[in-house]
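Listed below, chain by chain, are the residues.
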Amino acid sequence: MFSHLLLIACICIVVALVLYFFYWNRFIAFIIGHAIRILFWNQERSSVWVEIGSIHFSLLTGRILLKDVRYHSSNQTIKIVKGQIQWRYWIRKPTSEEEIISVPGEHVKDSSRLWSCRIHLSFQGVECFLYNKTAAYDHILDQLERMNRPTSRTSSHQRFFSRFSRQDSSSPFYPPSIVRASMQVPESLKKAMAWFRHQLPTLDPKDLLPLGIDIQTGAIVLGNPSTPNLLVAEFRDALGTFGIAASKSRYDLYKQVLNLKFQKSLVRLVPNEDYVNPITALGAVIHDRIGRLVTFWLEL
């Protein structure tokens, strides 16, 4: 006997299977992309816009497969056709930070060690557009603000309390923070806390470094509408590592090492079809518009 309920159930199962096998990865990528936009888009200069076509998690092989990834920021735009992030847990001794530092003029004895990283990134079809560098501009502004910054009220309070820090703790004007700092923690409690912290897993992202990088068919473009020419670098293959190494200078707090070997690369300077005006002219136009806007609001 034919059952309409059975037919409806079969149709629902078929539709659910089709959605799961063909659209589930796109739905997960849609959710992750929108979550990243909500968290990092309204961050002024450090805003980030991420679009992911599809994403697939493979727990057994330790892989994350990506397709049609787009990353937009105030400094650069990166497009990736296909990508793979692999956690190679079977490597017993991964590449260390000391091994990724190559000294000019010296030959690496075992070049295969450079690619034995625990986390390996593989990309196909990469386009990177570099059109700004706000980090350097922000650093210049920060240095100028420090030079012209007046003495703050907080620093005056610190100097006021520092006069009493040399007095005896029984003084009624002794700062409470220094009183608490003078209290000593028992050694047994220190050892117990140290043992407890040692048992917890480390969650430092730097432990994932160095990263292995493998790129097939990529291009890098440098320029913006204020530059008459664009610097275009194309390559077929790129293999290397990225990590953090100790610096020889104490002023270099964040030394990053990026080693890449390019094959069949081509670097050329091409005319910029979107060239408008030099950066000085664009700055003058923006400054004039801001002045007019301020005058308009003052007249209101």
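Residues numbered from 1 in each chain as written. Predicted model: local features only at pLDDT ≥ 70, side-chain atom pairs only at ≥ 80, totals over all residues. Heavy atoms only, no water.

**Structural notes on the packing of aromatic side chains**
By the definition in use, this model includes six aromatic pairs. Following the ring pairs from residue to residue traces out a cluster consisting of Tyr-20, Phe-21, Trp-24 and Phe-27. (Phe/Tyr/Trp six-rings, centres within 6.5 Å; stacked < 30°, edge-to-face > 60°.)

**Observations concerning the layout of surface pockets**
By volume, the largest pocket amounts to about 1000 Å³. In terms of lining, the largest pocket is formed by 28 residues, of which the most central are Ile-78, Ile-80, Leu-121, Phe-123 and Ile-213. Within the residue set of the lining of the largest pocket, elements represented by two or more residues are α1 (4–40), β1 (49–58), β2 (63–72), β3 (76–87), β4 (119–130), β5 (211–222), β6 (229–244) and β7 (256–263). The class makeup of the residues in the lining of the largest pocket is 26 nonpolar, one polar and one charged. (1 Å grid on protein atoms, 1.4 Å probe; cavity = no way out; pocket = protein on both sides within 12 Å on 5 of 7 lines; lining within 4 Å. Points joined across faces, edges and corners; volume = space filled by probe spheres on them. Helix = DSSP H or I, 4+ residues; strand = E, 2+ residues; numbered from the N terminus. Nonpolar A, V, L, I, M, F, W, Y, C, P; charged D, E, K, R; others polar.)

**Things to note about the environment of Tyr-89**
By the secondary structure assignment, Tyr-89 is in the loop between β3 and β4. Overall, the relative accessible area of 43% leaves Tyr-89 in the partly exposed class. Through-space distance from the C-alpha of Tyr-89 to that of Ile-119 is 8.6 Å; in sequence the pair is 30 residues apart. The contact partners of Tyr-89, leaving out residues within four places of it in the chain, are Leu-60, Thr-61 and Arg-118. (Buried < 20%, exposed > 50% of the residue type's maximum accessible area, 1.4 Å probe, protein only. Contact = heavy atoms within 4.5 Å.)

**So, unusual backbone geometry**
A positive phi is found at Asp-68, a non-glycine position, where the angle reads about 55 degrees. Summarising the element assignment, Asp-68 is placed in strand β2.

**Re the pattern of salt bridges**
Here the idea is simple: oppositely charged side chains can pair when their charged atoms come close. On inspection of all chains with the given rule, the structure shows three salt bridges. Of the charged contacts, one joins Glu-234 and Arg-268 as a salt bridge, the two residues approaching to 3.0 Å between their closest N and O atoms. On the criterion of sequence distance, the pair formed by Glu-234 in strand β6 and Arg-268 in strand β8 (residues 266–271) is long-range, its members being 34 residues apart. One salt bridge connects Arg-292 with Asp-288, and the closest N-O pair in it is separated by 3.1 Å. With Arg-292 and Asp-288 both in helix α6 (residues 279–299), this residue pair falls four residues apart, about one helical turn. Residue Arg-292 is classed as exposed on the basis of its relative accessible area of 59%. (Salt bridge = Lys/Arg side-chain N within 4 Å of Asp/Glu carboxyl O.)

**Comments concerning the confidence of the model for the protein chain**
Scored by pLDDT, the protein chain comes out at a mean of 77, with 76% of its residues at no less than 70. Contacts from residues 152–183, a stretch scored under 50 in pLDDT, to residues over four places away or in other chains number eleven contacts. (pLDDT = per-residue confidence, 0-100.)

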